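The lines below spell out each chain.
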Amino acid sequence: MMTHNSGLIRKAFLLCALVFWGAFQASADNKLPKKRKVLQTLTLANDYFMQKWPDPGKEIVTNKTRPSNIWTRGVYYVGLMELYKADPQQRYYDYAVEWGQKHNWGLTGGDHIRHADYQTCGQTYLELYKMDPQPERIKSIKASVDNMVNSDKVDDWHWIDALLMAMPVYAELGVMYEDETYFEKMYELYNFTKTQHGGKGLYNPEDKLWWRDKDFVPPYKEPNGEDCYWSRGNGWVVAALVRVMDIMPKDAPHREEYQKTYLEMMEALVPLQREDGFWNVSLHDPNHYGGKETTGTALFTYGMAWGLNNGLLDGKVYKPVIAKAWAAMENDALHPNGYLGYVQGTGKEPKDGQPVTYTSRPDFEDYGLGCFLLAGTEIMKMR
């Protein structure tokens, strides 16, 4: 069983090794891909999905039937809008607008829903509103968030996925209406998740990672005795912090704290990367359903690429990590027809959605592609 001290020593050793490797390794695997090649890869993956789902309003049928404006599809459209910015094809814009129209720009659960998963679609609604300010595009999402802003309740985000699903909406509304009330409410909700949920909060400043929810706060342990840090869950937090910082002004309240936590997480994630470029589903127990996994890997890659593009990370350390991760996803996960493999299905911990393989099909294909599009489009901005 790995002791706490041995784990710290191992991570420190691996971090030093990666710094040395990043500075002196010269293999082709560590070179960032050409922008044109990344775009070809993203187009292939996205075309596969759009051809499979020609009707963006079609319900999603798995173990039950769900409307297609839930969080899984919302994450896809977040990625699609970034692809549209990188490659402004009209068909991408039309596909997103049709999605909003077929749902009447509404939220599952109605205008007063508080659940973050059902607010995810609002990120795309707001993006499309900025491009064509038709009031119906933001009426429902603004009503939902205003309902929360005007209440005293701050414990809604009791699972860390919620941070990516909802925080960018608050940040965008704060900017759009020049109203810091949205920033303050977002921080209150975030801070309760970080410091109070589960007893002392879901963020562990010692390991610089997040427990998915109260079910995984110690004394819960992985089989090797380590804490359970779910890869995709931590990826959601990384993406949330990145998107919020990207939206908010430089002097916005609490931005410094978001940046501090983001940098802590980046440091913690480097030595946890697998030799093949992926991250395991269990970040501190590589043998508990260990293996390649695309969604967490894509979200970490996205976060690291954003940090380099915004001058927050050292390229000598992070460029090789990003290049290795992208090569792994492009070469090992992406099928010739654009299908994305090694995507863990929905859930909350390493055992869910298993087995995760090259040919396995998750219960929802959309959010994995959204994560992949975020990573690739951010890499395209790198120099």
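Residues numbered from 1 in each chain as written. Predicted model: local features only at pLDDT ≥ 70, side-chain atom pairs only at ≥ 80, totals over all residues. Heavy atoms only, no water.

### Thoughts on the overall build of the chain
A tally of regular secondary structure across the chain gives 13 helices and four strands. Taking 383 residues into account, the globule formula puts the C-alpha radius of gyration at 21 Å, and the chain, at 20 Å, falls close to it. For the C-alpha atoms alone, the extent of the chain along its principal axes is close to 55 × 45 × 45 Å. Taken across its 383 residues, the chain has 60% of its residues classed as buried. Of the contacts made within the chain by residues no fewer than 6 positions apart, 72% connect residues no fewer than 24 positions apart. (Helix = DSSP H or I, 4+ residues; strand = E, 2+ residues; numbered from the N terminus. Rg over C-alpha atoms; globule rule 2.2 N^0.38 Å. Buried < 20%, exposed > 50% of the residue type's maximum accessible area, 1.4 Å probe, protein only. Contact = heavy atoms within 4.5 Å.)

### A closer look at the packing of helix α7 (residues 161–176) against helix α8 (residues 180–195)
Packing of α7 against α8 leaves a shortest axis separation of 8 Å and a crossing angle of 160°. The orientation of α7 relative to α8 falls into the category roughly antiparallel. As α7 packs across α8, the resulting crossing turns out to be left-handed. Between α7, through L163, M167, Y170, A171, L173, G174 and V175, and α8, the contact on the second element is made entirely by Y182, F183, K185, M186, L189, Y190 and T193. When the residues that make up the contact of α7 with α8 are grouped by side-chain class, the tally is 11 nonpolar, two polar and one charged. (Axes fitted to C-alpha atoms, helices over the stretch in contact; angles between N-to-C directions. Parallel < 35°, antiparallel > 145°, perpendicular 65-115°, else oblique. Left-handed = near helix turned anticlockwise from the far one by under 90°. Nonpolar A, V, L, I, M, F, W, Y, C, P; charged D, E, K, R; others polar.)

### Some thoughts on the nonpolar core
What tends to happen in soluble globular proteins is that the nonpolar side chains get buried as a cluster. Residues W157, M186, Y258 and M304 are the most contacted members of the largest nonpolar core, which totals 122 residues. In this structure, Y258 is in contact with M167, M186, Y187, Y190, L241, V244, M245 and M248, ignoring residues within four places of it in sequence. (Core = buried A, V, L, I, M, F, W, Y, C linked by side-chain atoms within 4.5 Å.)

### Quick look at the confidence of the model for the chain
A residue-level look at the chain finds 92% of positions with pLDDT of 70 or above and a mean pLDDT of 94. Here helix α1 (residues 4–24) is the element of the chain with the lowest mean pLDDT, 49, and strand β4 (residues 209–210) is the one with the highest, 99. Predicted confidence for residues 17–28 stays below pLDDT 50, and this span has 13 contacts to residues more than four positions away or in other chains. (pLDDT = per-residue confidence, 0-100.)

### A look at the packing of aromatic side chains
According to the stated counting rule, one finds 25 aromatic pairs in the structure shown. Taken together, a centroid distance of 5.8 Å and an interplanar angle of 50° make the contact between W99 and Y125 tilted. Of this pair, W99 sits in helix α4 (residues 90–102) while Y125 sits in helix α5 (residues 121–131), and the two are 26 residues apart along the sequence. Since its relative accessible area comes to 0%, W99 is described here as buried. Here the aromatic residues F49, W53, Y76, Y77, Y95, W99, W105 and Y125 are joined through ring pairs into a cluster of three or more. The cationic tip of K58 hangs over the ring face of W53; the distance from NZ or CZ to the ring centre is 5.9 Å. One Lys or Arg, R361, reaches over the ring of Y339 and ends 4.1 Å from the middle of that ring. (Phe/Tyr/Trp six-rings, centres within 6.5 Å; stacked < 30°, edge-to-face > 60°. Lys NZ or Arg CZ within 6 Å of the ring centre and 35° of its normal.)

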